[in-house]
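Working through the structure, step by step
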Amino acid sequence: MFDIRSSIINQKKYKVFYAIIPFLALFIALFIGGVLIFFAGINPWKAYNYMLQSIFGNIRLFSEVFTHFVPLVFCALSFAVAYKGGFFNVGGEGQLYFGALTATLAGVYIQGLPAFIHIPLVLLTGFIGGAFWCWIAGILKIKLGADEILNTIMLSYLAILLINFVVMYFLKPANSYISQSEKIAKSAYFPKLIPHTQINLGVILSLLTVIIIYYFLYRSPYGYQIRAIGENSDAANYAGMNILKGTMTVIIISGGLAGLAGASMLMGTQYRLTPAFSPGYGFEGIGAAVMARNNPWGIILTAFLFALLRVGAGAMQRGVGVPLPISWTIEGIIMILITGSEYLSNKFSTNLIGGRA
Amino acid sequence: MDLITIASWISMSIRLSIPILFAALGGLILFKTGVFNLGLEAMMLTGAFLGFYGVLITGSPWVGLLLAIIGGAILGLLLAYVTVSLGGNQLVIGLGMNFFALGLTGFFYRMLCSTGLLTDTTKTANFSSIHIPFFSKLPILGEIFFDHNFLTYLAILLVIFVSWFFYKTTYGLSLRSVGESPETADTAGINVYLIRYIAAIVSGILAATGGAFLTLTQVTRFSENITDGRGWIALAVIIFGKYKPWGTLWASLIFGAGFALVLQLQVMGVKIPIQIVQMLPYILTIAALIGVVGKVRGPSALGKHYVKN
Amino acid sequence: MKKSKVFLRVFVLAFAILMIFSTLAMTAPLKIAIILPHAITSEGWTKSGFDGLMKAKEDFDIETSYQENVSEGELKGALRGYIAEGYDLIIVHEMGYNDPTLEVAEESPDTMFAITYGFKAADNVAVTSGTNWQANSLAGAVAGLMTKSNKVGFIISNDSPVAHNFLNAGFIYGAKRINPKAEVITTFVGSWSDVVKGKELAKAMIKQGVDVIYSQCGVVNRAVIEVCEEAGIWAIGAVEDMSYVAPQTVIANALAPTEYLVYGVIKEMVEGTLKGGRVVKGIKDGAEEITFNPLLKDKLPENGEEKIMKLRQEIVDGDITLEQMQEELNKQNIKF
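The structure presented is a predicted model; accordingly, all values stated were derived computationally and were not measured. (Residues numbered from 1 in each chain as written. Chains lettered and ligands numbered in written order. Predicted model: local features only at pLDDT ≥ 70, side-chain atom pairs only at ≥ 80, totals over all residues. Heavy atoms only, no water.)

1. Quick word on the interface of chain B and chain C
Opposite the 33 residues of chain B that make contact, chain C presents 36 residues. Both sides of the chain B and chain C interface together cover about 3200 Å² of buried area, and 55% of this is carbon and sulfur. One can count three salt bridges joining chain B with chain C. A salt bridge links Arg110(B) to Glu68(C), with the shortest nitrogen-to-oxygen separation between them at 2.5 Å. Scanning the region where chain B abuts chain C turns up five residue pairs in polar contact (both at pLDDT 80 or more). Secondary structure elements with two or more residues in the side of chain B that touches chain C: helix H1 (3-32), helix H4 (90-112), strand S2 (118-119), helix H9 (192-218), helix H11 (245-267) and helix H12 (274-289) of chain B. (Contact = heavy atoms within 4.5 Å. Buried area = accessible area lost by both parts, 1.4 Å probe. Salt bridge = Lys/Arg side-chain N within 4 Å of Asp/Glu carboxyl O. Polar contact = N/O pair within 3.5 Å; in protein donor to acceptor, adjacent residues only side chain to side chain. Helix = DSSP H or I, 4+ residues; strand = E, 2+ residues; numbered from the N terminus.)

Take a look at the structure:
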């Protein structure tokens, strides 16, 4: 369940160890963060304590975690799906922006639809927008051989500037002094599951997407093909699989998921497109995906953790004045440690399964 | 545009491109050994901060440069350890390092370098332009070529050196062979790990120097996130320069000229949306990636972890 | 012991406890928070707002908190965080965050909100704004006054409607008013933090013959003034008094301390007079001002100060409005 290897060789101990590492990394990062907080003249114990109390002590504040959780899940899934199919999609941020743009168009300019039609419609346009932006990267790679890591990064920055331009010069209402689009129609808002909180339809949709992606990747024959292509495209080709079609499918799904992240932010919390729409979910999603070792179930956990850290960073600053850079440092350390720990888990699995890392 | 404007534009282009050139050269060396360096932004930021801090506490830009170099080397070492020895994902470590450096420089900056909330400045102590006698007084040409600080000339010399090193020395050959096929290199008795380690450290040093260029020559202060994406531009420069030292020089000059043009056109009163011009470097890079400037081919083993048998 | 005595004692005790609690509740300090769009270390606009909070903390018995670097995506979370933690007044220090703040304010009618430089208010949202043009137009006037080459420069952070319609329009109007021959070069850095580009812009302006520069771009301002000092041209300080950066270069300061607005809102809150609605404060109210560097007063041309003060008086008297300015510029076919 955790990885293709472990699904073949079901080693229980190995799985446990695999799962412990991320928590160990989290612990170390929080410890180092605590040292920094101490140097800032604040009692780290008090800071962390305040963070936990403020998040878990109040349902409205707790629900803020889901504001970040939903886009993070989509972005992490976007990276994970692409990764499993052998495509490194680092451009989630740009696809998120582009998905948000197309979703805004559908949300603002299509009016008068009932919610049960409008919501799926806006989601769909968001998916298409993200998929389109990723498709460009895919075409550049497949047809013209442009390395996808680099071209997704470049396309990402391009999309952010493009949206900035489009909002300021085209979407902004003529009489407004603020650079932002009009609000999307009320019928495209996600209904709230619990009133006065941020727990809305997006949470269900993101969890549903995790399930769908899991079944698609691990339980459907097509998903098996995609993973085979990702593992070893030569072997997959030899086995008679259509590499081009498989990769393209992965690219479309991956981009679409990032686009859904943008659409869900639009429909769940922001309601309008602004130049600095996303606070970096695209990049953070990569961190969450890697920490979960690209496993859809794991992503629920890691995306939640990253969302928690975000809300916690805000709470610590509000409550005890912990400088914001410390939270970034903690996040960075987690990502570095997780990357480094691939060795440990590989070595451990080598010892257990004997040879294959 | 009259001649004076053109001279001012070219001179500005050079000033804007040198930090990127340093970082790109650093990135290139590591790329050539087959390892991605997405931590360029982190290394630049660290260099910029340490350079500034060194001047602030000692009053000597040389100490600043030294601190920046040490900081860059440490980050390079970290990158090498995680990717080469531990086989971690080269992509994610870069992203992680960027978060890490952004946070840590911001933190130490606030702790160490500001009285109240006003930044301390290092107004008097930085590398100023070397006015080359006679030549710097030449009209137009003087401003363009002979009125820069020593780091600028060092960067150009480095391009020549790296190019000679890559293509004319056996060490350079070893380095490139590691990036093309580590297996073959290993069989030929080349220490793949060692070369990648050294390249990573040099990479960190150069990128940090590029960052230090910002705080030691261009401005007399540090501000949080002062690099503002220059590390990513450096990445673009490497590709646009087709993974070649001279190409890197030309590419960074072209990008620098583009940035300078944005500023120069505004000053001349030409009204164009700034976002459009800001997009240009990325469009150019994508154009380069799809082969508009000729076939761009990276090292074959780029991004692949090598396990020694 | 008699029953009545016990009763009396219990009563007194209960009364005393009640009194203590009620006085405690009455003196419980107001909780006031500010949300800032950039880092508190970014000078000018953001820092000035933060200073306002700090000053108010010294003067009044209040509990304060701040959250910095809050992007549009995180704004609502930060607001709801403060609401949940029981803050009485939440100040949002960014005009662009106007609409999301209104949406959150609607959810919690018991909390008071304030937006500095906003446009739209509500029952529990007080918008307190500077004029965005008065100090800037006087800066333009000073620039027009001081220039010998008839070229003056204006550096703005980001391209935005406010930048064009208020800041730039005001500056150009002021410059043209004092010196009809003056040509204004307006540029955008495209960021609040890229000091390098700001400095290059100033250098390029100077190459073009600009001899007075006014920079409205956070942390870039001081760097630009330093460039001016090196080149030996005049600079005009923005937001705060910046004469200390280069006492022989900063000829005047266009003060528009956001500190004043933030402090004012908190003061009204403490005094219990803060109401929802939009208030625009200009020179008349002391929110904006033009001051000359006392060290350099002798460098002003003859009658120079009088000219500026006359324009200032016209603004104070309401003889000049933003609409008039924009119309006049349009009439002269000047783009802003």
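2. Concerning the pairing of strand S1 (residues 30-35) of chain C
Consecutive residues of a regular strand have side chains that alternate between opposite faces of the sheet. Residues and elements named next belong to chain C. Here six bridges tie S1 to strand S2 (residues 62-67), and the two strands are oriented parallel to one another. Along S2, the bridge assignment pairs Ile32 with Thr64. Traced from S1 through helix H2 (residues 45-59) to S2, the parallel crossover comes out right-handed. Where S1 lies against strand S3 (residues 89-92), four bridges are found, and the strand directions are parallel. Paired with Ile35 across the strands is Val92, a residue of S3. (Pairing = 2+ DSSP bridges. Right-handed = clockwise from strand over helix to strand, strands pointing away.)

3. Concerning unusual backbone geometry
Even without being a glycine, Asp228(B) presents a positive backbone phi close to 50°. Within the secondary structure, Asp228(B) sits in the loop between H9 and helix H10 (230-240). The class of Asp228(B) is partly exposed, set by a relative accessible area of 31%. Of note in this structure, Asn333(C) is not a glycine but carries a positive phi near 60°. Along the chain, Asn333(C) falls in the segment after helix H11 (322-331). With a relative accessible area of 69%, Asn333(C) lands in the exposed category. (Buried < 20%, exposed > 50% of the residue type's maximum accessible area, 1.4 Å probe, protein only.)

4. Quick notes on the side chain of Arg310(A)
Topologically, Arg310(A) is positioned in helix H13 (residues 296-320). What Arg310(A) contacts, discounting residues up to four positions off in sequence, is His68(A), Pro279(A), Tyr281(A), Glu284(A) and Glu74(C).

5. Points about the confidence of the model for chain B
Taken residue by residue, chain B gives an average pLDDT of 86. The fraction at 70 or more is 95%. When pLDDT is averaged over each element of chain B, helix H3 (residues 61-85) of chain B comes out on top at 94 and S2(B) at the bottom at 57. (pLDDT = per-residue confidence, 0-100.)

6. Observations regarding the side chain of His148(B)
Secondary-structure assignment places His148(B) in the loop between helix H5 (141-145) and helix H6 (150-168). Leaving out residues up to four positions away in the same chain, His148(B) has contacts with Ser11(B), Ile14(B), Arg15(B), Ser129(B), Ile130(B), Glu143(B) and Tyr153(B).

7. Here's the deal with the interface of chain A and chain B
Each partner contributes residues to the interface: chain A has 43 residues there, and chain B has 42 residues. Considering only the side of chain A, the residues that lose the most area to chain B are Leu150(A), Met154(A) and Ile336(A), jointly responsible for 17% of the buried surface there. Breaking the side of chain A that touches chain B down by element, the ones donating at least two residues are helix H2 (12-39), helix H4 (59-84), helix H6 (115-144), helix H7 (148-171), helix H12 (281-291) and helix H14 (324-353) of chain A. It is H7(A) that provides the largest number of residues to the side of chain A that touches chain B, a total of 14 residues.

8. Here we look at H6(A)
Under the 1.5 Å per step criterion, the end-to-end length of H6(A) is 42 Å for 30 residues, consistent within 8% with the ideal 44 Å. Within two residues after H6(A), Gly145(A) carries a phi angle of roughly 70°, on the positive side. (Expected span 1.5 Å × (residues − 1).)

9. Quick word on the packing of aromatic side chains
In this structure the tally under the stated criterion is 48 aromatic pairs over all chains. Plain terms: the ring middles of Phe107(B) and Phe108(B) are 5.3 Å apart, the flat faces sit at 70° to each other, and that makes the pair edge-to-face. Assessed through its relative accessible area of 1%, Phe107(B) is described here as buried. Seen from their ring centres, Phe171(C) and Tyr214(C) are 5.5 Å apart, and the 10° between their planes marks the pair as stacked. Of the two residues, Phe171(C) sits in helix H6 (residues 161-178) while Tyr214(C) sits in strand S8 (residues 212-216), which places them 43 residues apart along the sequence. (Phe/Tyr/Trp six-rings, centres within 6.5 Å; stacked < 30°, edge-to-face > 60°.)

10. Structural notes on the packing of H7(A) against H12(B)
Helix packing for two helices is described by the angle between their axes and how far apart those axes are. At a minimum axis distance of 9 Å, the contact between H7(A) and H12(B) shows a crossing angle of 155°. Looking at the two axes, H7(A) sits roughly antiparallel to H12(B). In terms of crossing hand, the pair formed by H7(A) and H12(B) is left-handed. From H7(A), Leu150(A), Asn151(A), Met154(A), Leu155(A), Tyr157(A), Leu158(A), Leu161(A), Leu162(A), Asn164(A), Phe165(A), Met168(A) and Tyr169(A) reach across to H12(B), where they touch Gln275(B), Ile276(B), Gln278(B), Met279(B), Tyr282(B), Ile283(B), Thr285(B), Ile286(B) and Leu289(B). Here the residues of the contact of H7(A) with H12(B) are counted per class, giving 16 nonpolar, five polar and no charged. (Axes fitted to C-alpha atoms, helices over the stretch in contact; angles between N-to-C directions. Parallel < 35°, antiparallel > 145°, perpendicular 65-115°, else oblique. Left-handed = near helix turned anticlockwise from the far one by under 90°. Nonpolar A, V, L, I, M, F, W, Y, C, P; charged D, E, K, R; others polar.)

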